[in-house]
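Residue strings, one per chain:
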Amino acid sequence: AQRVTQPEKLLSVFKGAPVELKCNYSYSGSPELFWYVQYSRQRLQLLLRHISRESIKGFTADLNKGETSFHLKKPFAQEEDSAMYYCALYNQAGTALIFGKGTTLSVSS
Amino acid sequence: ETGVTQSPTHLIKTRGQQVTLRCSSQSGHNTVSWYQQALGQGPQFIFQYYREEENGRGNFPPRFSGLQFPNYSSELNVNALELDDSALYLCASSLDSLGDEQFFGPGTRLTVL
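Rules used in this analysis
- Residues numbered from 1 in each chain as written.
- Chains lettered and ligands numbered in written order.
- Predicted model: local features only at pLDDT ≥ 70, side-chain atom pairs only at ≥ 80, totals over all residues.
- Heavy atoms only, no water.
- Helix = DSSP H or I, 4+ residues; strand = E, 2+ residues; numbered from the N terminus.
- Rg over C-alpha atoms; globule rule 2.2 N^0.38 Å.
- Buried < 20%, exposed > 50% of the residue type's maximum accessible area, 1.4 Å probe, protein only.
- Contact = heavy atoms within 4.5 Å.
- Areas by Shrake-Rupley, 256 points an atom, 1.4 Å probe, with all protein chains shown as cover.
- Lys, Arg positive; Asp, Glu negative; His and termini not counted.
- Charge placed at Lys NZ, Arg CZ, Asp CG, Glu CD.
- Salt bridge = Lys/Arg side-chain N within 4 Å of Asp/Glu carboxyl O.
- Disulfide = S-S within 2.5 Å.
- Pairing = 2+ DSSP bridges.

Draft legend 1. Spatial organisation of the overall build of chain B. In terms of helices and strands, chain B carries 0 helices and 11 strands. Taken from the N to the C terminus, the helices and strands of chain B come in the order β-β-β-β-β-β-β-β-β-β-β. In summary, chain B has a C-alpha radius of gyration of 13 Å against a globular reference of 13 Å for 113 residues, a match within 12%. Once the C-alpha set of chain B is aligned to its principal axes, its extents read approximately 40 × 25 × 25 Å. In chain B, buried positions account for 49% of the 113 residues. Residue pairs in contact within chain B that sit at least 24 positions apart in sequence constitute 54% of those at least 6 positions apart. Element-wise, carbon and sulfur atoms account for 49% of the exposed surface of chain B, whose accessible area totals about 5300 Å². Separation between the mean location of the 7 positive side-chain charges and that of the 11 negative ones in chain B comes to 11 Å.

Draft legend 2. Fine view of the pattern of salt bridges. Scanning the entire structure with this criterion turns up 8 salt bridges over all chains. Here Arg22 of chain B and Glu75 of chain B are joined by a salt bridge, their closest N and O atoms 3.5 Å apart. Of this pair, Arg22 of chain B sits in strand β3 (residues 19–24) while Glu75 of chain B sits in strand β8 (residues 74–78); the two residues are 53 residues apart in sequence, bridging distant segments of the chain. Judged by relative accessible area, which is 43%, Arg22 of chain B ranks as partly exposed. Relative accessible area serves as the criterion here: at 15%, Glu75 of chain B is assigned to the buried category. Through salt bridges that share partners, Glu20, Lys22 and Lys73 of chain A make up one connected network.

Draft legend 3. Spotlight on the state of the cysteines. What the rule picks out here adds up to 2 disulfides over all chains. Shown here is the disulfide that connects Cys23 of chain A with Cys87 of chain A, its sulfur atoms set 2.0 Å apart. An S-S torsion of about -60° defines the bridge between Cys23 of chain A and Cys87 of chain A as left-handed. Of the two residues, Cys23 of chain A sits in the loop between β3 (19–21) and β4 (24–26) while Cys87 of chain A sits in strand β9 (residues 83–90), which places them 64 residues apart along the sequence. The exposure classification of Cys23 of chain A matches that of Cys87 of chain A, with both residues buried. With a sulfur-sulfur separation of 1.8 Å, Cys23 of chain B is cross-linked through a disulfide to Cys91 of chain B. Here Cys23 of chain B and Cys91 of chain B share a disulfide; its torsion about the S-S bond, -55°, makes the bridge left-handed.

Draft legend 4. Just the sheet that holds strand β7 (residues 60–61) of chain A, in detail. All names here are of chain A. Taken in spatial order, the 3 strands of this open sheet run β3-β8-β7, and their pairing is antiparallel. A strand with exactly one partner marks an edge of an open sheet, and here the two such strands are β3 and β7. Relative to strand β8 (residues 72–74), β7 runs antiparallel, the two being bridged by 2 bridges. By the bridge assignment for β8, Ala61 is matched with Leu72.

Draft legend 5. Main features of the pairing of strand β9 (residues 87–94) of chain B. Residue and element names in this part refer to chain B. Counting buried positions over the 8 residues of β9 gives 8, a clear majority of the element. Strand direction decides the pairing type here: strand β4 (residues 31–37) and β9, joined by 7 bridges, are antiparallel. If you follow Val32 over to β9, its bridge partner there is Ser93. Two strands pair when backbone bridges link them, and β9 and strand β11 (residues 108–112) are joined in this way by 3 bridges, in the antiparallel orientation. Looking across to β11, one finds that Leu88 is bridged to Arg109. Sheet topology note: the β9/strand β10 (residues 103–104) ladder contains 2 bridges and is antiparallel. If you follow Ser93 over to β10, its bridge partner there is Phe103.

Here you go:
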């Protein structure tokens, strides 16, 4: 079964601290993985995509097939990073995104 | 370029009623996907429409149905509403149906009393 697990409901860090949002997945084959972000009162938007290997707003994510993980990292958190973060993957058919339950990141000064 | 829009923003219905939610896809996108997001959960896939045909369906009962129109806008219909249908309904559009980036609308908040 295809599944995405985000074990932390809430992650609170201080400004300037490193951030790691955890994502583990269950998938047969090579998954197509995403991180979506939802800032307060805004719509869900793509933060980064595994295949593009881009760094967006200082965030990176590396696919670890051995550990079936796709953790989101940022070396120095900013207050504007406070948001809800969802890890997602495409189903085998490539039609549906399967989301985790999300992690709320709270960055305080 | 206009983003994905959804209407209405909020809706209150009672159990047993029927509801229609609407979505306009982003300009140039021919694929629309619908998701249900219950409180505290991630979005759950309902179905996808590609060029006016259903192109995949999640684990939702038949009382959830949809349509896509020639201009690629879409409707989600829910019959015989239940209390558990209370959720945020998200529409997402993409350039193509397979593995493409999905652009989300702001959602419609449905409350069933």
